Amino acid sequence: MHEVGAAGEAPVVVAAFDFDGTLTRRDTLLPYLRRSLGWPRFLLALLRSSPWLAAYACRLTSNHRAKARLLQASLGGCSVAQIERWSADFVAQYLPRQWQEETLARLRWHQQQGHGCVIVSASPGIYLHGVGEVLRMDAVLCTELEVREGTLTGRMATRNCHGEEKVLRLQAWLAGRGSPAASVVLHAYGDSRGDVPLLNLADYAHYQGQPWVRPPAEQ
């Protein structure tokens, strides 16, 4: 990813972490919705969005569309104040039991080295920004939800931060801080096919805790 800088110039090092299944042991969106909504409302939201979730499972529709339907069915009409209460509880009470200790140790190592540390995740910002504060991340690049007049519409305000979108969001963040992607030494950590574009971009990448080996065509 990087080019050799001028003699004596220290490289800019950035570590980009996926969230679900990488910093945590498992997916967090469904537990967030179940914990926040309660079982009756959660099951109703799943029922309403089930055609799109089933289509995604069969690869007949996109991750973006299926997720959009689930978010609209579950969070559309919720007030920002309610979401903030749910999110604070989720980050403080649920997530501490879900950390992937090995990856968390890698994050701490990068921070001790003075590297820039970023979460790049498809999870929603309604709770992920709180995670970023707890973990002292330099940035959280994620899926943002639309708010109008203090209420969530259930629609996404950004593209779903998944697959190639992760690369685009990270590159935009790097450019915004004056660090073009070509001048950065990038470490990336992921656990699913949605992380592959980011892993392929990196100089040093880990997939499910193991060094990532690019397919021959990617090398």
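Residues numbered from 1 in each chain as written. Predicted model: local features only at pLDDT ≥ 70, side-chain atom pairs only at ≥ 80, totals over all residues. Heavy atoms only, no water.

*Asks:* An account of the overall build of the chain is requested, with residue identities and associated values reported.
*Replies:* When its secondary structure is counted, the chain shows eight helices and eight strands. Computed over C-alpha atoms, the radius of gyration of the chain comes to 18 Å, within 12% of the 17 Å expected from 2.2 N^0.38 for 219 residues, which places it in the range of a compact globule. Referenced to the eigenvectors of the C-alpha coordinate spread, the extents of the chain come out at roughly 60 × 35 × 35 Å. Taking all 219 residues of the chain together, the buried fraction comes to 47%. Put simply, 62% of the contacts in the chain that link residues at least 6 apart link residues at least 24 apart. Accessible surface, the chain as shown: approximately 11,200 Å² in total, 52% of it carbon and sulfur. Positive and negative side-chain charges in the chain, numbering 23 and 20 respectively, have mean positions lying 8 Å apart. (Helix = DSSP H or I, 4+ residues; strand = E, 2+ residues; numbered from the N terminus. Rg over C-alpha atoms; globule rule 2.2 N^0.38 Å. Buried < 20%, exposed > 50% of the residue type's maximum accessible area, 1.4 Å probe, protein only. Contact = heavy atoms within 4.5 Å. Areas by Shrake-Rupley, 256 points an atom, 1.4 Å probe, with all protein chains shown as cover. Lys, Arg positive; Asp, Glu negative; His and termini not counted. Charge placed at Lys NZ, Arg CZ, Asp CG, Glu CD.)

*Asks:* Report on the pattern of salt bridges, specifying residues and quantitative values.
*Replies:* The final tally for this structure, using the stated rule, is six salt bridges. Taking the shortest distance from any N to any O, the salt bridge between Arg148 and Glu146 comes out at 3.7 Å. The closest approach of N and O atoms between Glu146 and Arg155, which form a salt bridge, is 3.0 Å. Relative accessible area serves as the criterion here: at 38%, Arg155 is assigned to the partly exposed category. Salt bridges sharing common partners tie together Asp18, Lys166 and Asp195. (Salt bridge = Lys/Arg side-chain N within 4 Å of Asp/Glu carboxyl O.)

*Asks:* Requested: an account of the pairing of strand S1 (residues 12–17), with residues and values cited.
*Replies:* Burial of S1 is extensive: five of the six residues sit out of reach of the surface. Bridge analysis of S1 against strand S2 (residues 116–124) gives four bridges, and the strand direction is parallel. In the sheet register, Ala15 faces S2, and the bridge partner there is Cys117. (Pairing = 2+ DSSP bridges.)

*Asks:* Explain the environment of Val131 residue by residue, including any values.
*Replies:* With respect to the helices and strands, the residue Val131 is situated in helix H6 (residues 125–135). The residues contacting Val131, other than those within four sequence positions of it, are Phe19, Val91, Leu95, Trp99 and Ile119.

*Asks:* Quick one: what's the story with the packing of aromatic side chains, residue by residue and with numbers?
*Replies:* Applying the stated criterion to the full structure yields eight aromatic pairs. Centre to centre, the rings of Tyr207 and Trp212 are 5.2 Å apart; their planes meet at 55°, and the pair counts as tilted. Site record: aromatic cluster; members linked through ring pairs are Tyr32, Phe90, Tyr94 and Tyr127. (Phe/Tyr/Trp six-rings, centres within 6.5 Å; stacked < 30°, edge-to-face > 60°.)

*Asks:* Please provide a residue-by-residue account of the state of the cysteines, values included.
*Replies:* As enumerated under the stated definition, the model contains zero disulfides in all. The structure places no disulfide on Cys117, whose sulfur is separated from the nearest cysteine sulfur, that of Cys142, by 16 Å. By relative accessible area, which is 0% here, Cys117 ends up buried. (Disulfide = S-S within 2.5 Å.)

*Asks:* If you had to explain the confidence of the model for the chain to someone new, which residues and values would you point to?
*Replies:* Here the chain shows a mean pLDDT of 92. Residues at 70 or above account for 94%. Taken together, the stretch residues 4–8 has pLDDT below 50 and engages in zero contacts with residues farther than four places along the chain or on a different chain. (pLDDT = per-residue confidence, 0-100.)

*Asks:* So what about the nonpolar core? Which residues, and what values?
*Replies:* Core analysis: the largest hydrophobic core is formed by 35 residues, its most contacted members being Phe19, Leu75 and Val131. A total of five residues in this core trace back to one element, the largest contributor, which is helix H4 (residues 80–94). Each residue touching Phe19, except ones within four places of it in the same chain, is listed here: Thr24, Thr28, Leu95, Trp99, Ile119, Ser121, Ser123, Tyr127, Leu128 and Val131. Judged by nonpolar contacts, the second largest core, of 20 residues, contains Ala139, Leu141, Leu174 and Leu198. (Core = buried A, V, L, I, M, F, W, Y, C linked by side-chain atoms within 4.5 Å.)

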